[in-house]
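# Working through the structure, step by step
Letter by letter, the chains look like this.
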Amino acid sequence: LARGTTVADLAGRHVVVSAGGTREPLDPVRFLGNRSSGKQGYALARTAVARGARVTLVAANTGLPDPAGADVVTAGTAEQLREQVVKAAADADVVVMAAAVADFRPAAYAAGKIKKKDGEEPPPLALVRNPDILAEISAHRARPGQLVVGFAAETDDVLANGRAKLARKGCDLLVVNEVGERKAFGTEENEAVVLGADGSETPVPYGPKEALADRIWDLVAARLV
Ligand code: CTP
Ligand code: CA
């Protein structure tokens, strides 16, 4: 879409976007987290509002200002994010999982701060798996025709890894980023290939996260029934 000529092709649609990164608490002062800034998810929320959608943004630890016109709910951990996304997805036409969800969380939460002791080795950190929200949403569509979009940051054989992940997750579109210097985390720009379950492959050149967001909405709008 050219700037200034935005069409309301998402009018009457409810879209859910998750953004940011989950934090899995270890004790009252520590957590396991990741470097996701939330900027790509916020760009998706802003552009969806501009295209006429009702937008629910599920924000995990972003610290970013609420995008105008979006309903923002927050989630700290993967389990909280799952709860909010599943709730919002109940009447959604589209769910986009742009958030970086921690794969694991500490097996136990220490109610008191963990202290080191002189002469003792650090204790091992036991982890357990978090729920896979994208796979769950994809497998149990809350309404017929609901579209589900995932993200993946990959290295090495980026496209093959992306294809395998798309199949494993069961989503309709997977936005694959190659991770490297300058790309993805915390920057204003992004470059990606959007893979479709229908076999399509849409490269999006390096550019503003808003431009990638609009390309994603183009692909979504073309698939909405
Ligand atoms: N995702 C999710 N729930 C999880 C992990 C990931 O919903 N517990 C979603 C992310 O929001 C993203 C997509 O799945 O949209 C891919 O995340 P990624 O971490 O690349 O996938 P994983 O299956 O965790 O694979 P990997 O082992 O490569 O991390
Ligand atoms: Ca992961």
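Reference entry: report on the structure contained in this document.

Criteria and thresholds
Residues numbered from 1 in each chain as written. Chains lettered and ligands numbered in written order. Predicted model: local features only at pLDDT ≥ 70, side-chain atom pairs only at ≥ 80, totals over all residues. Heavy atoms only, no water. Pairing = 2+ DSSP bridges. Helix = DSSP H or I, 4+ residues; strand = E, 2+ residues; numbered from the N terminus. Axes fitted to C-alpha atoms, helices over the stretch in contact; angles between N-to-C directions. Contact = heavy atoms within 4.5 Å. Donors = N, O, S within 2.8 Å, 3.2 Å for Na, K, Ca; no water. Expected span 1.5 Å × (residues − 1). Buried < 20%, exposed > 50% of the residue type's maximum accessible area, 1.4 Å probe, protein only.

## Notes on the sheet that holds strand β5 (residues 70-74)
Within the open sheet, the 8 strands sit side by side as β5-β4-β1-β6-β9-β10-β11-β12. Their pairing is mixed. Every other strand in the sheet has two partners, leaving β5 and β12 (201-208) as the edge strands with one partner each. Neighbour-to-neighbour, the strand axes of this sheet turn through a mean angle of 20°, independent of strand direction. One ladder, built from 7 bridges, connects strand β1 (residues 14-20) with strand β4 (residues 54-60); its direction is parallel. Across the sheet, residue S18 finds its bridge partner in β4, namely V58. Sheet contacts for helix α5 (residues 209-223): β1, β6 (94-97), β9 (147-154), β10 (173-178), β11 (189-196) and β12; angle to β12, the most-contacted strand, approximately 155°.

## Details of the coordination of the calcium ion (ligand 2)
Taken together, D103 (OD) and D103 (OD) make up the full set of protein donors to the calcium ion (ligand 2), lying 2.4 to 2.5 Å away. For D103, the location among the structural elements is in the loop between β6 and β7 (104-106).

## Quick word on α5
With 15 residues, α5 extends 21 Å from end C-alpha to end C-alpha; this agrees with the ideal 21 Å at 1.5 Å per step. Those residues of α5 that sit buried are K209, L212, A213, I216, W217, D218, L219 and V220.

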